[in-house]
Amino acid sequence: MTVHTPSSRIRRAVTPLALCAGLTVGLTACAADPDEGTNGVGRLSAPEIEGKARSAANTARAVRLAGSLVSKGDTFKLNMRLKQDGATGSVTTKNSTFELLRVGDALYLKADAGFWSHEAQGDGTPTDADTEAADKLDDKYVKVPQGDPSYKQLRGFTDMDLLLAGLIGLHGDKVKGDRDQIGGIRTIKVKGGQAGDGGTLDVALEGTPYPLQFARGGGAGIVVLSEWNKDFPLAAPSKEETLDYGKQLPRT
């Protein structure tokens, strides 16, 4: 049996380490590959990564979008399941929370009595007639007429293509950011500008390179995108669940 002296044991331990010591290049070469086991998009340039995410989103059939958006000083909290021919989910504004259901072009809104009475005239106190009407509409679906001024705005919350187009587009020069995890899935960040002033997009490094989170520049909201291509049922509410509002819908 060969007995090693202390100095020989030290040399045996140090020799492999020396291969990765001394120069930055050597350290980098011996570090773990951050893209090992991924879909490879982390090796691409920032514009290419954004392009991959956009293409993946454009070919998807369904998605869940949850988070907050700030537009013209108003904050909207969304929790919507979207697909090409419709959507279902909820929207919360400063004044109220309501549900939306769209099947094709038919758009339905459901809210509590407070939503239907908050647009009262005068001093803001609803009349007895307003309260009675609101109570009847409580938790019922109301079909939004396409000619109603609210139709276009409300439909916008249910339009998959429209929402994704506004959320995936980054402004400014595209810059690769850090790696992260969203919902347990590894991601690579792409920023609009070095500081992310034009938004920051997290793109999946596992499976299809779907966009998984978008942070709008200037603190204008963060949304999480999940359940890509997971289908869900859509059906118009029954007659028993639906009432006619009979006049212009309250502004949301």
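Per chain, the residues get numbers from 1 upward, laid out in the order the sequence is written. The model is predicted, so local features are restricted to residues of pLDDT at least 70 and side-chain atom pairs to those at 80 or more, both for listing and for counting; the totals for chains, interfaces and linings are taken over all residues. With hydrogens and water stripped out, all remaining heavy atoms of the structure feed into the side-chain values.

J.: Can you lay out the overall build of the protein for me, pointing to particular residues and giving the numbers?
T.: When helices and strands are counted, the protein shows 7 helices and 12 strands. For each residue, the accessible area found with a 1.4 Å probe, counting protein chains only, is set against the maximum for its type, and the residue is called buried under 20%, exposed over 50%, and partly exposed in between. Across the 252 residues of the protein, 40% fall into the buried class. Any two residues whose heavy atoms approach within 4.5 Å at even a single point are treated as in contact. Long-range pairs, those at least 24 residues apart, make up 53% of the contacts in the protein with a sequence separation of at least 6. With the model as given, the accessible surface of the protein reaches about 14300 Å², and the carbon-plus-sulfur share is 52%. Helix and strand definitions here come from DSSP, where helices need a minimum of 4 consecutive H or I residues and strands a minimum of 2 consecutive E residues; each element is numbered from the N-terminal end. Using a 1.4 Å probe, accessible areas were evaluated by the Shrake-Rupley method; residue-level cover was limited to the displayed protein chains.

J.: Tell me about the sheet that holds strand 10 (residues 211–215), residues and numbers included.
T.: The strands making up a sheet associate through backbone hydrogen bonding, with each pair oriented either parallel or antiparallel. Taken in spatial order, the 12 strands of this open sheet run 7-8-9-10-11-1-2-3-4-5-6-12, and their pairing is mixed. Edge positions in the sheet fall to strand 7 (174–182) and strand 12 (242–243), since each of these pairs with one other strand and no more. Pairing between strand 1 (residues 62–71) and strand 11 (residues 222–226): 4 bridges, direction antiparallel. Residue pairing for strand 11: Gly67 is matched across the bridge by Val223. To get an axis, a line is fitted to the C-alpha atoms, and for a helix only the part in contact is used. The angle between two axes follows their N-to-C directions and goes from 0 to 180 degrees. Against the sheet, helix 3 (residues 46–59) touches strand 7, strand 8 (185–192), strand 9 (200–204) and strand 10, its axis set at about 55° to strand 7. The strands touched by helix 6 (residues 149–156) are strand 2 (74–83), strand 4 (97–103) and strand 5 (106–111); relative to strand 5, the strand with the most contacts, the crossing angle is about 90°. Note on pairing: two strands pair once DSSP finds at least 2 bridges between them.

J.: For the pairing of strand 5, give the residues involved together with the corresponding values.
T.: Burial runs high along strand 5: 6 of the 6 residues are buried. Residues Ala106, Tyr108 and Lys110 of strand 5 are buried on one face, and the alternating residues Leu107, Leu109 and Ala111, pointing to the opposite face, are buried as well. Relative to strand 5, strand 4 runs antiparallel, the two sharing 6 bridges. The residue bridging Phe98 from the neighbouring strand is Ala111, located in strand 5. Connecting strand 4 to the antiparallel partner strand 5 that follows it, the hairpin turn spans 2 residues, and Gly104 within it adopts a positive phi of roughly 65°.

J.: Help me get a handle on the layout of surface pockets, residues and values and all.
T.: Reported here for the largest pocket is a volume of approximately 510 Å³. Here a cavity is any set of points on a 1 Å grid over the protein atoms alone where a 1.4 Å probe fits but cannot get out, and a pocket is any open set with protein on both sides within 12 Å along at least 5 of 7 lines; a residue lines the site when it has an atom within 4 Å of a point. Lining the largest pocket are 15 residues, and of these Leu69, Ser71, Phe76, Phe157 and Leu163 lie nearest its centre. Of all elements in the fold, only strand 1, strand 2, helix 6 and helix 7 (160–168) reach the threshold of two or more residues within the lining of the largest pocket. By residue number, the principal contributor to the lining of the largest pocket is helix 7, which donates 4 residues. Residue classes follow a fixed rule: Ala, Val, Leu, Ile, Met, Phe, Trp, Tyr, Cys and Pro count as nonpolar, while Asp, Glu, Lys and Arg count as charged, and any other residue, Gly among them, counts as polar. Taken together, the residues of the lining of the largest pocket break down into 7 nonpolar, 4 polar and 4 charged. Grid points are joined across faces, edges and corners, and a volume is the space filled by probe spheres set on the points.

J.: So what's going on with helix 6? Which residues, and what values?
T.: Looking at helix 6, one finds that the buried residues are Ser150, Tyr151, Leu154 and Gly156. The inward-facing, buried residues of helix 6 abut strand 4, strand 5 and helix 7. Two N or O atoms count as a polar contact when they lie within 3.5 Å, although within protein this holds only if one can serve as hydrogen donor and the other as acceptor, and sequence-adjacent residues are included solely when both atoms are side-chain atoms. Where helix 6 begins, the side chain of Asp148 points an oxygen toward the backbone nitrogen of Ser150, at a separation of 2.8 Å.

J.: Can you lay out the packing of helix 3 against helix 7 for me, pointing to particular residues and giving the numbers?
T.: Packed helix pairs are specified by the crossing angle of their axes together with the interaxial distance, meaning the distance between the axes. With their axes 11 Å apart at the nearest point, helix 3 and helix 7 run at an angle of 170° to one another. Viewed along their axes, helix 3 and helix 7 adopt a mutual orientation that is roughly antiparallel. Packed against helix 3, whose contacting residues are Glu50, Arg54 and Ala57, the element helix 7 presents Met160, Leu164 and Ile168 at the interface. Note on angle classes: values under 35 degrees are labelled roughly parallel, values over 145 roughly antiparallel, values of 65 to 115 roughly perpendicular, and the remainder oblique.

J.: Run through the packing of aromatic side chains, naming residues and quoting values.
T.: For any pair of aromatic rings, geometry is given as the distance between the ring centres together with the angle between the planes. Stacked, edge-to-face and tilted labels apply to pairs of Phe, Tyr and Trp rings (six-membered ring for Trp) whose centres lie within 6.5 Å, assigned for plane angles under 30 degrees, over 60, and everything in between, in that order. Tallied over the entire structure, the rule returns 4 aromatic pairs. Each ring, one from Phe76 and one from Phe157, has its centre 5.3 Å from the other, and the planes form 50°; the classification is tilted. Taken together, the residues Phe76 in strand 2 and Phe157 in the loop between helix 6 and helix 7 connect sequence positions 81 residues apart. Neither Phe76 nor Phe157 differs from the other in exposure class; each is buried. Here the aromatic rings of Tyr210 and Trp228 are separated by 4.7 Å at their centres, their planes lie at 5°, and the arrangement is stacked. One end of the pair, Tyr210, is in the loop between strand 9 and strand 10; the other, Trp228, is in the loop between strand 11 and strand 12, with 18 residues separating them in the sequence. With a relative accessible area of 12%, Trp228 lands in the buried category. Should the NZ of a Lys or the CZ of an Arg lie within 6 Å of a ring centre and within 35 degrees of the ring normal, that charge is described as sitting over the ring. The ring of Phe232 carries Lys83 above its face, with NZ or CZ at 4.8 Å from the centroid.

J.: If you had to explain the side chain of Thr187 to someone new, which residues and values would you point to?
T.: Looking at the secondary structure, you find Thr187 in strand 8. At 2.7 Å, the side chain of Thr187 and the side chain of Asp202 are in polar contact. Those residues in contact with Thr187 that sit more than four places away from it in its chain are Asp178, Arg179, Asp180, Gln181, Ile182, Asp202, Val203, Ala204, Leu205 and Leu212.

Everything listed here is a matter of geometry and, on its own, says nothing about what the molecule does.
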